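Secondary and tertiary structure notes
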Amino acid sequence: LLGPGSTCCMIAQILCKMNNIIIVTNAINFESQLEANNARLIFLGGEYDKHNGSVTGTFALDALSSMNIDKFFLGTSGITPQFDITSFEISNNLIIKTMIQRSKEVILVADYTKFGKSMAIKIADLDAIDVIITNKELDPSVIQEIQNNNKTLILT
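Quantities reported herein were computed from a predicted structural model and do not represent experimental measurements. (Residues numbered from 1 in each chain as written. Predicted model: local features only at pLDDT ≥ 70, side-chain atom pairs only at ≥ 80, totals over all residues. Heavy atoms only, no water.)

With respect to the secondary-structure elements, Glu-89 resides in the loop between strand 7 (85–87) and helix 3 (93–102). Here Glu-89 is in contact with Asp-49, His-51, Asn-52 and Ile-121, once residues within four sequence places are set aside. (Helix = DSSP H or I, 4+ residues; strand = E, 2+ residues; numbered from the N terminus. Contact = heavy atoms within 4.5 Å.)

A few words on the pairing of strand 8 (residues 103–109). Taken residue by residue, a regular strand's side chains alternate between the two faces of the sheet. Of all 7 residues making up strand 8, 5 are buried, and the element is well covered by its neighbours. Bridge analysis of strand 5 (residues 69–74) against strand 8 gives 5 bridges, and the strand direction is parallel. Paired with Leu-74 across the two strands is Leu-108, which belongs to strand 8. Both strand 8 and strand 10 (residues 131–134) contribute to a ladder of 3 bridges, which runs parallel. From the neighbouring strand, Val-109 faces strand 10, where its bridge partner is Ile-133. (Buried < 20%, exposed > 50% of the residue type's maximum accessible area, 1.4 Å probe, protein only. Pairing = 2+ DSSP bridges.)

Packing of helix 2 (residues 58–65) against helix 3 leaves a shortest axis separation of 10 Å and a crossing angle of 0°. Comparing the axis directions of helix 2 and helix 3 gives the class roughly parallel. Contact with helix 2, carried on its side by Ala-60, Leu-61, Leu-64 and Ser-65, involves Leu-94, Ile-95, Thr-98, Met-99 and Arg-102 of helix 3 and no other residues of that element. Taken together, the residues of the contact of helix 2 with helix 3 sort by class into 6 nonpolar, 2 polar and 1 charged. (Axes fitted to C-alpha atoms, helices over the stretch in contact; angles between N-to-C directions. Parallel < 35°, antiparallel > 145°, perpendicular 65-115°, else oblique. Nonpolar A, V, L, I, M, F, W, Y, C, P; charged D, E, K, R; others polar.)

A word on the sheet that holds strand 8. Ordered in space as 5-8-10-11, the 4 strands form an open sheet in which the pairing is parallel. A single partner strand is all that each edge strand has here, and the edge strands are strand 5 and strand 11 (152–155). When the angles between neighbouring strand axes are averaged without regard to direction, this sheet yields 20°. Strands strand 5 and strand 8 of the sheet are contacted by helix 1 (residues 6–15), whose axis makes an angle of about 135° with strand 5.

Just distances and angles here, no functional claims.
Below you can see the structure in the form of structure tokens.
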């Protein structure tokens with residue numbers, strides 16, 4: 001399961017090259033950038049939000065309610081010093097929370113510049129995240145804090 005955003009779109013491009021994988025997303029703007037060679041793509045229905053290129057609303061929530069998701073890749077606009085995962089998009093808040101609830105593993109993907117930034121809408125706290133993937137340039141004190149919270153950290 002992939003949330004909206006440019007980082008998740010990059011992950012989708014990699015996943016589409018894999019065999020025996022189903023990719024589910026609410027980001028319909030991914031479609032033009034993906035070549036689903038052996039992967040199956042499922043786009044959630046719903047109301048189109050032109051600001052972030054995704055769908056929201058009850059149709060998308062209903063579709064999610066019948067799915068069992070192994071891994072959810074979540075992008076973000078900001079991660080506060082208290083490790084709140086934040087966004088500037090209120091329209092996606094409920095669907096992101098549902099995606100987290102329906103997923104066995106939540107993987108936060110964010111470049112190092114997102115750490116220490118706070119956006120208007122809190123979408124999750126660190127407890128909801130299992131794995132964090134970010135750049136090697138992440139501040140060492142933030143790396144230590146993540147490790148102190150027993151989260152798997154992958155630096156690329």
